[in-house]
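# Report on the structure
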Amino acid sequence: MAGIGPAPHAFGPAARSGRTSPGLATRLRLTLKYWLWPGINWVSRDKAAVVKMLQHGTPEAPVRTLDCGCGNAYFAFEAARRGASCLGITIHDWERRSCEEMAEFLGPIGEAMEFRVQRLDDLARDPGAVGSFDQILLFDVIEHIRDDRAALLQLRELLNDDGLVYISTPDRDYQGNADHLRVTRTEDGWHVRNGYTLGQLERLVEECGLEPVDHLRFGTLGTTLVTRIQHKVFRSAILPLTVLTFPLLKLIAWLGSPWADRHTIFVLARKRADAELAARR
């Protein structure tokens, strides 16, 4: 991805103090993972453009960042390289281990990244965490949560005054994925709702004490074509075949990029102060 900055050494930087340097195979794997960031999911590649909107900090005043559902550590890295200290939380221990491995590989910048297995509601009950974050990232998470209102209220408690929350979710009006299961009845890891319309999401964040200050839509015909190739042609071999054909898939995505096919909505919202909320009521 353009603008990602210099890569770690081809065989990985020195490990953090007290840690064993990873073996050659691990370093090669992590180097490949780094160069494929934000990942082989083309939908995620589209919406990764929101990193340009992340806040910038300094070593003296880092932007305190919470990444809810830290994925492959890409967004934590993008926050950290803009001067943030980033806490990533996940409900999966394998995801935490993967993110920590990548942070180790990244060298000094990884020192600004911490990952935990922790639920959002548990973090929101920690008095030391309340009001402690300048920005919170909630990328493709809210559609997995039944009580979305409670989750947003918890995020509001964790934000400091005028803090920002970045939310992306599937566009409910997108029909490109209508040929497979869209929702499940319980929180089993899949969607409990097929996203939101932009109006629904903005109303929801407003009702939770957050002010929408910007929004975007993501998705092109190129991404739709690549995603269909991955799921209809590559199927269970999606990972190795995507890696092997990566330049071709990028070309297809680029050729189809002039035509919009919006799969994702994004809302940037600011925390309203309690006094401001009271005045509105």
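These figures come from a predicted structure and were not determined experimentally.

Rules behind the numbers
Residues numbered from 1 in each chain as written. Predicted model: local features only at pLDDT ≥ 70, side-chain atom pairs only at ≥ 80, totals over all residues. Heavy atoms only, no water. Helix = DSSP H or I, 4+ residues; strand = E, 2+ residues; numbered from the N terminus. Buried < 20%, exposed > 50% of the residue type's maximum accessible area, 1.4 Å probe, protein only. Areas by Shrake-Rupley, 256 points an atom, 1.4 Å probe, with all protein chains shown as cover. Disulfide = S-S within 2.5 Å. Core = buried A, V, L, I, M, F, W, Y, C linked by side-chain atoms within 4.5 Å. Contact = heavy atoms within 4.5 Å. Pairing = 2+ DSSP bridges. Axes fitted to C-alpha atoms, helices over the stretch in contact; angles between N-to-C directions. Salt bridge = Lys/Arg side-chain N within 4 Å of Asp/Glu carboxyl O. Parallel < 35°, antiparallel > 145°, perpendicular 65-115°, else oblique. Left-handed = near helix turned anticlockwise from the far one by under 90°. Nonpolar A, V, L, I, M, F, W, Y, C, P; charged D, E, K, R; others polar. Phe/Tyr/Trp six-rings, centres within 6.5 Å; stacked < 30°, edge-to-face > 60°. Lys NZ or Arg CZ within 6 Å of the ring centre and 35° of its normal.

We now examine the overall build of the chain. The helix and strand inventory of the chain stands at 11 helices and 7 strands. Counting the 281 residues in the chain, one finds 46% classified as buried. Counting every atom, the chain has about 14,000 Å² of accessible surface; 56% of that belongs to carbon and sulfur.

Under the defined criterion, the tally for this structure stands at 0 disulfides. C99 provides the cysteine sulfur closest to C70, a residue in no disulfide bond, and the two sulfurs are 3.9 Å apart. For C70, a relative accessible area of 3% gives the class buried.

Counting residues in hydrophobic clusters, the biggest one holds 33 residues, and the most contacted among them are W37, F75, M113, F115, Y166 and F266. Secondary-structure elements contributing two or more residues to this core are α1 (24–36), α3 (74–80), β2 (84–90), α4 (93–106), β3 (113–117), β4 (133–139), β5 (159–170) and β7 (260–271). Top element by residues in this core is α3. It accounts for 6 residues. Excluding anything up to four places from it in sequence, Y166 contacts M53, L54, Q55, Q135, I136, L137, L138, F139, F266, V267 and L268. Formed by 30 residues, the second largest nonpolar core is a distinct cluster that contains F133, L138, A151 and V165.

What follows concerns the sheet that holds strand β1 (residues 63–68). Taken in spatial order, the 7 strands of this open sheet run β3-β2-β1-β4-β5-β7-β6, and their pairing is mixed. Among the strands making up the open sheet, the edge pair consists of β3 and β6 (210–220). Going across the sheet, the axis of each strand differs from the next one's by a mean of 15 degrees, ignoring polarity. Relative to β5, β4 is paired through 6 bridges, and the arrangement is parallel. In the sheet register, L137 faces β5, and the bridge partner there is Y166.

This part takes up the pattern of salt bridges. Side-chain pairs of opposite charge can arise where the charged atoms are in close proximity. All told, the structure shown has 16 salt bridges when counted by the stated rule. Residue R81 is joined to E78 by a salt bridge in which the shortest nitrogen-to-oxygen separation is 2.8 Å.

This part takes up the packing of helix α6 (residues 148–158) against helix α7 (residues 198–207). The interhelical angle for the contact between α6 and α7, taken along N-to-C directions, is 55 degrees, at an axis separation of 9 Å. Looking at the two axes, α6 sits oblique to α7. α6 and α7 meet at a crossing whose hand is right-handed. Note on element contacts: α7 touches α6 through L204, V205 and E207, opposite D148, R149 and L152. For the contact of α6 with α7, the residue count by class is 3 nonpolar, no polar and 3 charged.

Pairs of aromatic rings are described using the distance from one ring centre to the other and the angle between the two planes. By the definition in use, this model includes 9 aromatic pairs. Where Y34 meets W35, the ring centres are 5.6 Å apart and the plane angle is 90 degrees; that geometry is what we call edge-to-face. Y34 gets classed as buried once you look at its relative accessible area, which sits at 2%. Ring plane angle 45 degrees and centroid distance 4.5 Å describe the contact between F75 and F139, whose orientation is recorded as tilted. With F75 in helix α3 and F139 in strand β4, this pair connects stretches of sequence that are 64 residues apart. Judged by relative accessible area, F139 falls into the buried class, the value being 10%. Residue placement shows R45 over the ring face of W42; its charged tip is 5.2 Å from the ring centre.

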